[in-house]
Amino acid sequence: MSGSSSEVNLKQTLRKLEYPLCAQEALKKIGELLCARVTNIKSMDLSLDLMAEFVFYEVDRRGNKRAQGLTPLVELQLLEILYEFLNSIPNEASRNTLFLNLFSPSTVNSRVGILSKLVSLAIGIPSPLILVSASTWMQQLGNSSPASCKLAEALVFDYAQLAPNPEERLISLPNIAPEFTSNLLTAVAENYFVHKKEPMFPPQVLLKSTTDWVTENSSLCVAAQLRQPHLPQGAIPMEATTPIAGLLRWCVLAPIYDQNQDIYSKLYLALLNSISEIPQVQPPRAINVQHLTAIIHPLYYYYEDLKHKGQTSGIIRDFHFQLALDRLAQALQIALSVNAVYGHLDELFNALSNLHFNNLLTIVVNKYKQSKGGPMILG
């Protein structure tokens, strides 16, 4: 029997089954196609066809987009099938292969609703296996990418707005899936303290959970960098971005946005402790210079706004602004001392030179410039 006729027979067999039973059977075949010792383009194409028609119910037998998607009840059945199917695959490389193909970059926008509900289910009914694959998915797509941030946004909504007693459900997440929690925090950090974005500030349940996680586990922020994901042969593992710079942005900018709750101080101290314990490696890879530089722009705009209002004479006495600059300087000083920052440091310190109205920051900048033999700045 030829390959094309075998493919036709497979699809005809699946079409005789009611949904979601056909999804269950299709997933088995997809697993065989993608996790075979030898795969080819034809197998890949067939697996993608099976996903679109029989798993996610996106197209009809002719490949045309369906006018209506899954009903809430049927979607719930699909989530149960996906949960059980992925949990039944002990081999991490195979499970990651399936996860990455089920929610590929080209389809994630249309499937992010299913994805977020599946991951939410894996958090609520703890599934370390699925959460490891979700972590790998975030890392391979970029854990600060739009896709990962969209997943994080959906999960925060589920737990901050919908779930009863969310803190009880989230408290043990770092113990169940530390790499996933670390990658999730990176994506979450990108979603808040972003000018002109609503909601601008993290909900209290997220802020408290984040603070508790980082306080209780000083290595959590670098957890995803400490373990290499298992991928199909030939795949290139992507480096995880730590959440340190993103969470520092929350703590540094909180005062100038009148977010002066004690919890930001607690999170900030936990981050300083985490930074001080970062394993020293060559080259450093924990904190990207560009991510630190991004913190500076809102601070400079704050100063420019005061300048526009003719209030720069009081900048030294502006408690909120000075607190923000103190936090940035202190964090930077510790990060440099443990060699945790990578990238073009000159770019960072040139930007910092514009914020010369803070004693601690001036000391940090001058120390760096002195080490480079450059001119120092006046406080």
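Preceding block: the structure.
Scoring rules and cut-offs
Residues numbered from 1 in each chain as written. Predicted model: local features only at pLDDT ≥ 70, side-chain atom pairs only at ≥ 80, totals over all residues. Heavy atoms only, no water. Core = buried A, V, L, I, M, F, W, Y, C linked by side-chain atoms within 4.5 Å. Buried < 20%, exposed > 50% of the residue type's maximum accessible area, 1.4 Å probe, protein only. Contact = heavy atoms within 4.5 Å. Axes fitted to C-alpha atoms, helices over the stretch in contact; angles between N-to-C directions. Helix = DSSP H or I, 4+ residues; strand = E, 2+ residues; numbered from the N terminus. Parallel < 35°, antiparallel > 145°, perpendicular 65-115°, else oblique. Nonpolar A, V, L, I, M, F, W, Y, C, P; charged D, E, K, R; others polar. 1 Å grid on protein atoms, 1.4 Å probe; cavity = no way out; pocket = protein on both sides within 12 Å on 5 of 7 lines; lining within 4 Å. Points joined across faces, edges and corners; volume = space filled by probe spheres on them. Salt bridge = Lys/Arg side-chain N within 4 Å of Asp/Glu carboxyl O. Phe/Tyr/Trp six-rings, centres within 6.5 Å; stacked < 30°, edge-to-face > 60°. Lys NZ or Arg CZ within 6 Å of the ring centre and 35° of its normal.

Help me understand the nonpolar core, please; the structure alone is not making it clear to me.
Within soluble globular proteins, side chains that are nonpolar generally end up buried alongside one another. Formed by 119 residues in total, the largest nonpolar core has its most connected members in Trp137, Phe180, Trp250, Ile287, Leu299 and Phe321. The residues touching Phe180, leaving out its near neighbours within four places in the chain, are Val119, Ile123, Leu131, Ala134, Ser135, Met138, Leu155 and Leu173.

I keep staring at the packing of helix α15 (residues 289-308) against helix α17 (residues 345-352) and nothing clicks. Help me out?
Relative orientation and spacing of two packed helices are given, respectively, by the angle between their axes and the distance between those axes. Close contact between α15 and α17 brings their axes to 9 Å; oriented N to C, the two are set at 10°. Considered as vectors, α15 and α17 are oriented roughly parallel to each other. Of the residues in α17, those in contact with Val289, Gln290, Leu292, Thr293 and Ile296 of α15 are Leu345, Glu347, Leu348, Ala351 and Leu352. Of the residues contributing to the contact of α15 with α17, the split by class is 7 nonpolar, 2 polar and 1 charged.

What's the story with empty space enclosed by the protein in this structure? I'm lost.
Using a probe with the size of a water molecule, rolled over the atoms, empty space left in the structure can be pinpointed. Tallied over the full model, the rule gives 2 cavities of 30 Å³ or more. Counted as a void, the largest cavity has a volume near 130 Å³. Looking at the largest cavity, it is lined by 13 residues, and the ones nearest its centre are Leu155, Val156, Tyr159, Leu170 and Leu206. The set of elements that each furnish at least two residues to the lining of the largest cavity consists of α8 (146-162), α11 (178-190) and α12 (204-216). Top element by residues in the lining of the largest cavity is α8. It accounts for 5 residues. Classifying every residue of the lining of the largest cavity gives 13 nonpolar, no polar and no charged. Empty space within the second largest cavity amounts to approximately 60 Å³. Lining the second largest cavity, in full, are Val132, Ser135, Thr136, Gln139, Glu179, Ala224, Arg227 and Pro229. A breakdown of the residues in the lining of the second largest cavity according to their chemical character gives 3 nonpolar, 3 polar and 2 charged.

I keep staring at the pattern of salt bridges and nothing clicks. Help me out?
A pair can form between side chains of opposite charge whenever their charged atoms are brought close. Scanning the model with the defined rule gives 10 salt bridges in all. Residue Arg227 pairs with Glu92 through a salt bridge whose shortest N-O separation is 2.5 Å. With a gap of 135 residues between them, Arg227 in the loop between α12 and α13 (244-253) and Glu92 in helix α5 (residues 92-102) connect regions that are remote in the sequence. Arg285 is the salt-bridge partner of Glu239, the closest N and O atoms lying 3.0 Å from each other. Taken together, the residues Glu239 in the loop between α12 and α13 and Arg285 in the loop between α14 (262-276) and β1 (287-288) connect sequence positions 46 residues apart. If you follow the salt bridges from partner to partner, you end up with Glu7, Lys11 and Asp49 in one network.

Sorry if this is basic, but what is going on with the packing of aromatic side chains here?
Any pair of aromatic rings gets described here by the distance separating the centres and the angle formed by the planes. Within the structure shown, the criterion is met by 14 aromatic pairs. An angle of 45° between the planes, with centres 5.6 Å apart, marks the rings of Phe321 and Phe357 as tilted. Of this pair, Phe321 sits in helix α16 (residues 319-337) while Phe357 sits in the loop between α17 and α18 (359-371), placing them 36 residues apart in sequence. Residue Phe321 shares its accessibility class with Phe357, and that shared class is buried. Three or more aromatic residues joined by ring pairs make a cluster, and in this case those are Tyr192, Phe193, Phe201, Trp250, Tyr257 and Tyr264. For the cation-ring pair, Arg66 lies above Tyr57, with the distance from its terminal atom to the ring centre recorded as 3.7 Å. Here the basic side chain of Arg327 rests over the ring of Tyr268, its NZ or CZ set 5.4 Å away from the ring centre.

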